[in-house]
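Observations on the three-dimensional arrangement
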Amino acid sequence: MSVELNHTIVHSLDNHASAEFLANILGLEVGEAWGPFVPVETSNGVTLDFATIPGESIVMQHYAFLISDEEFDAAFARIREQGVTYYADPHLKQPGEINHHYGGRGLYFLDPAGHGMEIITRPYGNEE
């Protein structure tokens, strides 16, 4: 068996709200709650299990999602429709812009718990 990431726990202020926020942006489904976790599964089978914890215990994390151009268009439209602030850079210094790294498109936004979310259409280092 090869090594694959199966799931990760994402700390949140409200596990349902954070799972629904991300699932909505990415066009994914929120799974059934399992114990303290509310899962969102990506197309490659990795599950983000959102868990509610006290706000002072949350440390910002970064999650990047590789999506198709069509998925980017749809996610970007939902981001704009919902008034979510987005940035071209991970330091959040270029609001209202997207980037074009490696011939693709990408942007960053924050989830309700303050985690940095990124969507990209080309993986980093892809010179095609």
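Just so you know, these numbers come straight off a predicted model, no measurement behind them.

The rules behind the values
The residue numbers shown here count from 1 along each chain, following its written sequence. Only residues with pLDDT of at least 70 get local features here, since the model is predicted, and only at 80 or more are side-chain atom pairs given and counted; chain-wide, interface and lining totals rely on the full set of residues. For the side-chain quantities, the full set of heavy atoms in the structure was used; hydrogens and water were omitted. Put simply, a salt bridge is a Lys or Arg side-chain nitrogen that is within 4 Å of an Asp or Glu carboxyl oxygen. The secondary structure listing takes helices from DSSP runs of H or I that are at least 4 residues long and strands from runs of E that are at least 2 residues long, numbered from the N terminus. Working definition: with a 1.4 Å probe on protein chains only, accessible area under 20% of the residue-type maximum means buried, over 50% means exposed, and in between means partly exposed. What makes a nonpolar core is a set of buried Ala, Val, Leu, Ile, Met, Phe, Trp, Tyr and Cys residues whose side-chain atoms join them at distances within 4.5 Å. Two residues qualify as a contact provided that any one of their heavy atoms is within 4.5 Å of a heavy atom in the partner residue. UniProt positions are given in the numbering used here, feature names are shortened, and annotations may be inferred rather than shown by experiment. A pair of Phe, Tyr and Trp rings is counted when the ring centres sit within 6.5 Å of each other, with Trp represented by its six-membered ring. The angle between the planes then sorts it: under 30 degrees is stacked, over 60 is edge-to-face, the rest tilted. Expected span, for any helix, means 1.5 Å times one less than how many residues it has. Read the arc as the range of directions from the helix axis to the C-beta atoms.

So, on to the pattern of salt bridges. With the rule as written, the count across this model stands at three salt bridges. Between Asp69 and Arg105 there is a salt bridge; the shortest N-O distance is 3.6 Å. Taken as a pair, Asp69 in helix H2 (residues 69–81) and Arg105 in the loop between strand S5 (86–87) and strand S6 (106–110) lie far apart in primary sequence, 36 residues in all. Residue classification places Asp69 among the partly exposed residues on the basis of a relative accessible area of 29%.

The backbone of Leu92 shows a phi angle near 60°, a positive value even though the residue is not glycine. Relative to the helices and strands, Leu92 is located in the loop between S5 and S6. Look at Leu92 and you get partly exposed, because its relative accessible area is 28%. For Tyr102, which is not a glycine, the phi torsion comes out positive at approximately 55°. For Tyr102, the position within the fold is in the loop between S5 and S6. Under the relative-accessibility criterion, Tyr102 is labelled partly exposed at 34%.

Further remarks concern the nonpolar core. Taken as a class, soluble globular proteins show a tendency for nonpolar side chains to be buried jointly. By size, the foremost hydrophobic cluster in this structure holds 24 residues, and its most contacted members are Phe65, Ile79, Leu107, Phe109 and Ile119. Residues within four places of Phe109 in sequence aside, it is in contact with Phe21, Ile25, Ile79, Val84, Thr85, Tyr86, His115, Gly116, Met117 and Ile119.

This part takes up the UniProt feature "domain: VOC" (unreviewed entry) in the chain. UniProt records the feature "domain: VOC" (unreviewed entry) for residues 4–122 in the present numbering. Between the C-alpha atoms that bound residues 4–122 there is a distance of 20 Å. The span itself is 21% helix and 29% strand.

Take the packing of aromatic side chains next. Taken as a whole and assessed by the stated rule, the structure comprises five aromatic pairs. Geometrically, the ring pair formed by Trp34 and Phe37 is stacked, given 6.3 Å between the ring centres and 20° between the ring planes. Judged by its relative accessible area of 65%, Trp34 is exposed. Pairing Phe76 with Tyr86 gives two aromatic rings, centres 5.0 Å apart and planes at 90°, and the pair type is edge-to-face. With Phe76 in helix H2 and Tyr86 in strand S5, this residue pair connects regions lying 10 residues apart in the sequence. Grouping residues by exposure puts Phe76 and Tyr86 together as buried. Through a chain of ring-to-ring contacts, the aromatic side chains of Phe72, Phe76 and Tyr86 assemble into a single cluster.

Turning our eyes to something else, we now look at the environment of Leu110. Tracing the backbone through its elements, the reader meets Leu110 in strand S6. When the C-alpha positions of Leu110 and Tyr86 are compared, they lie 7.8 Å apart, and in sequence the two are 24 residues distant. Dropping the residues within four chain positions of it, Leu110 is found in contact with Phe21, Met60, Leu92, His115 and Gly116.

The terminal C-alpha atoms of H2, which comprises 13 residues, lie 18 Å apart, in line with the 18 Å expected from a rise of 1.5 Å per residue. Within the span of H2, buried status applies to Phe72, Ala75, Phe76 and Ile79. The arc that holds every buried residue of H2, seen down its axis, measures 100°, which confines them to one face. Exposed and facing more than 90 degrees away from the buried side of H2 are Glu70 and Glu81. Elements in contact with the buried residues of H2: helix H1 (15–26), S5, S6 and strand S7 (116–120). Where H2 terminates, the next one or two residues include Gly83, which has phi positive at roughly 70°.

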